[in-house]
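Listed below, chain by chain, are the residues.
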Amino acid sequence: MCGIFGCVLKEGNAAPLIHSSLKRLEYRGYDSVGIATISEGKIFVKKDMGKIDEVDRIVDLDDMPGSIGIGHTRWATHGAPLKVNSHPHGDCKGEIMVVHNGIIENFLELRAELQNLEHTFVSKTDTEVIPHLIEQTLKNNPKLSLVEAILETLKRVEGSYALAVISTREPDKIICARNESPLVLGIDSNGVYCASDIPAFLPITNKAVMINNGELVILSAKGYEIKKICDSSPVVREPITIEWSPEMAVKQGYPHFMIKEIHEQPETIRNTLRMQDHYLDLLSTFLDRANEVFLVACGTSYHACLAASYMFSKLAFLPTYPVYASEFVEQHGKSVSIDSTILAVSQSGETADTIGSVTCAQQRAATILSLTNVIGSSLTRVSRVYIGTQAGPEIGVAATKTFTSQLSVLAQLALRLAKKRGKVSQDEIDCLEEQLARLPNTVETIVNTQEQKIKEIAKKYKDAKVFFFLGRGISTATAFEGRLKLMEIAYIPAIAFPAGESKHGPISLIEDGFPVVFICPRDETHRTVIGNIMEMKARGAHIIAVIEEGDEDIKSLADDYVEVPKGIPGVLSPIPFVVPLQLLAYYTALAKGCNPDMPRNLAKCVTVK
Ligand code: F6R
């Protein structure tokens, strides 16, 4: 997710201001930091891996000349968190410097093209193609201004970006641009600022100008000038006044990180769906060749594995074994061998039980693959191949956006594997890929249309002594995750079962008014789920159903219901269906006066067994 910042000052040095502003963006990533300033026509760069304070102690980030500069704090996506991959990135001559937040999807093609034109690349990042492409554009047409060259460049770039560029060619300005990654300007009497987020400049100014997708901005001593990238036409936009306190601003006005992160999911899923093809290919090739596949994780990440086991089975006809990492060594340690493949899933990449399982499997020559949100974590270091989930840092202790990102990668992997194995028709794959691409919008609709209703449901049931969460098939995983969320932040005991299992014991708990949450996608389990709802209802349970829009059959049975948009294939359903459950947990915690960001006895990263 990364944070970028830039400033053009009328008076004073840019570097100390960039440094302090980046500190306020550190919540967006802290793998490395870098600053480039421009003074008397020369560019100065300081950058290194590590947190801002660590790097500052070594290189003194404040000690750089010039009143214009750009900075970056990184959350690694392409390329390990090393100095060489730290931003800013430059062209061959070091005359153009770029900081970037986002993902350039076609960077491999662009890099190959530029390498054929003798450009030398030093990093493994996608970003580095941008300065080289600007350089090449100017070489092809030296009459172009810097802005024109950047506009040309952006037309060739596919993917998401918020970027800021400085160049010795026109040393009096910063040019920044946005497509899908956030970008906002700050304005005061001493200068203009660009940043990924308002907190970066909030102590300096509360006058902000929001930049929209497809816009480019020129920052100079004269102020700011916005243009549309598609046709260079001017855009007029006045600053607005931000009323947030600095503390509120870090949470972008949300009262808690958890709700901010729930709302971020359309963006984080969209980013995760931009997965580079070759990583998916590589991982699916390993899975295809595997004799036995264990999906190993803890907590929420385990629930992603459970859902994935249905995806792999249904789409790729690949049986996999989801296992709690804390049980893996006892349960399977001795039988793991060179023929085993472990796909470990971990948001943090540091969970002790997950790392312990992987280390045990590695000692027995198994193949280790992984999925994590933290590139450079212990898990990435022990994996043969890993994929990053692109969710950005998750600060709320309860995992939300990282769960839907994990599922988004796992669904893509299952589809890739299905293609490889020829198990599902091309038509079906095309249709599922289309549906997957629509999920960010689906999740956005759910949050926008159902939040208020869920708040009311949470108030209604906040004093329940216990909850049931039931689903069939892949929705079992969704039910497990809904239960975990509610328990961990609202402290309500909750029980989750595959709905079919509920008859084999748990149903004896049901009495009048007992809340039972049913997960009801319109898949092949729908009819049987109706039967299970009737069984519960007959015993006095209150049914809270998560249904597809217009599911009149279940609506007529439910006491309360939350609707998700129509047409979601069952195999992808955990991604949208979990969102109402995250909201239910959040608003129940609030209704009970609990702080959802800091549940008692829990830590974001569990590094003890
Ligand atoms: C629940 C939650 C935990 C984590 C678990 C594994 O909201 O966050 O259950 O999912 O501790 O953590 P990672 O994914 O970092 O291995």
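Keep in mind the model is a prediction, meaning the values are calculated, not measured. Along each chain, residues carry numbers from 1 onward, in the same order as the chain's sequence is written. Given that the model is predicted, a residue must reach a pLDDT of at least 70 before its local features are reported, and side-chain atom pairs must reach 80 or more before they are shown or counted; all residues, however, enter totals for whole chains, interfaces and linings. Heavy atoms throughout the structure, all of them, feed into the side-chain values; hydrogens and water do not.

Draft legend 1. Fine view of the overall build of the protein chain. In terms of helices and strands, the protein chain carries 19 helices and 25 strands. What you see for the protein chain is a C-alpha radius of gyration of 25 Å, in line with the 25 Å of a compact globule of 609 residues. The principal-axis extents of the C-alpha atoms in the protein chain amount to approximately 80 × 55 × 45 Å. Relative accessible area decides the class of each residue, using a 1.4 Å probe on protein chains only: under 20% of the type maximum gives buried, over 50% gives exposed, and in between gives partly exposed. With 609 residues in all, the protein chain has 62% of them scored as buried. Entry remark: accessible area of the protein chain is about 22,900 Å², with carbon and sulfur atoms responsible for 50%. Counting from the N terminus, the helices are the DSSP runs of H or I reaching at least four residues and the strands are the DSSP runs of E reaching at least two. Based on C-alpha atoms, the radius of gyration is set beside the globule rule, defined as 2.2 Å times the residue count to the power 0.38. For every accessible area listed, the method is Shrake-Rupley and the probe measures 1.4 Å; residues are considered covered only by the protein chains on display.

Draft legend 2. View of the sheet that holds strand S6 (residues 96-104). Paired strands, as defined in this entry, are two strands with at least two bridges between them according to DSSP. Read across the sheet, seven strands follow the order S5-S6-S7-S8-S12-S13-S14 without closing on themselves; strand pairing throughout is antiparallel. At either end of the open sheet lies a strand with only one pairing partner, and these are strand S5 (89-90) and strand S14 (234-235). The pairing of strand S8 (residues 174-179) with strand S12 (residues 215-220) spans five bridges and is antiparallel. The partner of Ile174 across the bridge, within S12, is Leu219. Against the sheet, helix H4 (residues 129-140) contacts S5, S6 and strand S7 (159-167), and its axis sits at roughly 125 degrees relative to S6. In what follows, residue pairs with any heavy atoms lying within 4.5 Å of each other are defined as contacts. Interaxial angles span 0 to 180 degrees and are taken between N-to-C directions of axes, which are lines fitted to C-alpha atoms, for helices over the stretch in contact.

Draft legend 3. Broad picture of the pairing of strand S4 (residues 68-74). Buried residues dominate S4, accounting for seven of its seven residues. Of the two faces of S4, the one carrying Ile68, Ile70, His72 and Arg74 and the one carrying Gly69, Gly71 and Thr73 are both buried. Two elements, strand S1 (residues 3-9) and S4, share six bridges in a ladder whose sense is antiparallel. Along S4, the bridge assignment pairs Val8 with Ile68. Looking at chain direction, strand S2 (residues 32-39) and S4 are connected through seven bridges and run antiparallel. When the bridges of S4 are listed, Ile38 appears paired with Ile68.

Draft legend 4. Fine view of the nonpolar core. The nonpolar core is taken to be a set of buried Ala, Val, Leu, Ile, Met, Phe, Trp, Tyr and Cys residues, with the residues joined through side-chain atoms within 4.5 Å. Within the largest apolar cluster, 87 residues are counted, with the highest numbers of intra-cluster contacts made by Phe312, Leu343, Leu410, Phe467, Phe469 and Val517. When residues no more than four places from it in sequence are discounted, the contact partners of Phe467 are Tyr461, Leu486, Ile492, Pro493, Ala494, Ile495, Phe514, Pro515, Val517 and Ile544. If you look at the next biggest cluster of nonpolar residues, it comprises 28 residues, including Leu114, Val129, Val147 and Ile175.

Draft legend 5. The site of the ligand, seen in detail. If even one non-hydrogen atom of a residue comes within 4 Å of a molecule or strand, that residue is called near it. Around the ligand sit 14 residues, and of these Ser301, Ser346, Gln347, Thr351 and Glu488 come closest. Think of a polar contact as two N or O atoms within 3.5 Å of one another; within protein, one of them needs to be a possible hydrogen donor and the other a possible acceptor, and neighboring residues in sequence only count if both atoms come from side chains. For the ligand, an oxygen atom lies 2.7 Å from a polar atom in the side chain of Ser348. Elements supplying a minimum of two residues to the shell around the ligand: helix H10 (299-316) and helix H16 (475-490). Taken together, the residues of the shell around the ligand break down into five nonpolar, seven polar and two charged. Three residue categories are used. Nonpolar comprises Ala, Val, Leu, Ile, Met, Phe, Trp, Tyr, Cys and Pro, charged comprises Asp, Glu, Lys and Arg, and polar comprises the others, including Gly.

Draft legend 6. Region of interest: empty space enclosed by the protein. Space inside and on the surface of the protein is sampled on a 1 Å grid over the protein atoms alone, with a cavity defined as a set of points where a 1.4 Å probe fits but cannot get out and a pocket as an open set with protein on both sides within 12 Å along at least 5 of 7 lines; lining residues have an atom within 4 Å of a point. Grid points are joined across faces, edges and corners, and a volume is the space filled by probe spheres set on the points. Counted by the stated rule, this structure contains two cavities of 30 Å³ or more. Considered as a void within the structure, the largest cavity measures approximately 40 Å³ in volume. Along the walls of the largest cavity sit Ile454, Ile457, Ile544, Val546, Val562, Pro580, Leu581 and Leu584, which together make up its complete lining. For the lining of the largest cavity, the leading source of residues is helix H19 (residues 574-591), giving three residues. Within the lining of the second largest cavity, the residues separate by chemical class into three nonpolar, five polar and no charged. The split of the chain into domains comes from an automatic or database domain assignment. A domain-level breakdown of the lining of the second largest cavity finds at least three residues from each of domain 1 (3-250) and domain 2 (266-591).

Draft legend 7. Molecular detail of the state of the cysteines. The definition used for a disulfide is geometric: two cysteine sulfur atoms within 2.5 Å. For the coordinates displayed, the defined rule picks out zero disulfides. Cysteine Cys194 is unpaired, with the sulfur of Cys176 as its nearest cysteine sulfur at 4.1 Å. Residue Cys305 stays outside any disulfide, its sulfur separated by 9.5 Å from that of Cys298, the closest cysteine. What makes Cys305 buried here is its relative accessible area of 1%.

Draft legend 8. The arrangement of the environment of Asp126 in detail. Counting through the fold element by element, Asp126 comes out in the loop between helix H3 (107-116) and H4. According to the relative accessible area criterion, Asp126 is buried, its value standing at 2%. With 19 residues separating them along the chain, Asp126 and Phe107 place their C-alpha atoms 5.4 Å apart. Non-local contacts of Asp126, meaning those with residues more than four positions away in its chain, are made with His78, His100, Gly102, Ile103, Ile104 and Phe107.

Draft legend 9. Molecular detail of the side chain of Thr125. Take Thr125: it is sitting in the loop between H3 and H4. Of the polar contacts made by the side chain of Thr125, one reaches the side chain of Ser123; its length is 2.7 Å. Separated by 3.3 Å, the side chain of Thr125 and the backbone nitrogen of Glu128 make a polar contact. Residues in contact with Thr125, not counting those within four places in the same chain, are Arg74, His78, Asn85, His89, Phe107 and Arg111.

Draft legend 10. Fine view of the pattern of salt bridges. In the sections that follow, a salt bridge refers to a side-chain nitrogen of Lys or Arg positioned within 4 Å of a carboxyl oxygen of Asp or Glu. Following the criterion strictly, the structure yields 28 salt bridges and no others. Between Glu444 and Arg270 there is a salt bridge whose closest N-O contact spans 3.8 Å. Remark: Arg270 occurs in helix H8 (residues 265-272) and Glu444 occurs in helix H15 (residues 426-461); sequence separation between them is 174 residues. Classification of Glu444 as partly exposed rests on a relative accessible area of 34%. In this structure, Glu535 engages Lys503 in a salt bridge whose closest nitrogen and oxygen atoms are separated by 3.7 Å. Pair noted here: Glu535 is in helix H17 (residues 526-538) and Lys503 is in the loop between strand S22 (494-498) and strand S23 (515-520), with a separation of 32 residues, a long-range link.

Draft legend 11. Quick look at H15. A helix is expected to reach a length of 1.5 Å times the quantity of its residues less one. Taking 1.5 Å of rise per residue, the 36 residues of H15 would be expected to cover 52 Å, yet its terminal C-alpha atoms sit only 45 Å apart, more than 12% below that figure. Of all the bends in H15, the largest measures some 55 degrees and sits at Gln450. Each residue is assigned a bend, namely the angle between axes fitted to the seven residues that terminate at it and the seven residues that start at it.

Draft legend 12. A look at the domain arrangement of the protein chain. Domain assignment breaks the protein chain into domain 1 (3-250) and domain 2 (266-591). Using only C-alpha atoms to locate each centre, domain 1 and domain 2 end up separated by 36 Å. Taken together, the 20 residues of domain 1 in the interface contact 15 residues of domain 2. Run the count over domain 1 and domain 2 and you get two salt bridges. Residue Arg274 pairs with Glu105 through a salt bridge whose shortest N-O separation is 2.2 Å. Taken together, the links from domain 1 to domain 2 amount to three residue pairs in polar contact (both at pLDDT 80 or more). Of the residues in the side of domain 1 that touches domain 2, the class split is 10 nonpolar, six polar and four charged.

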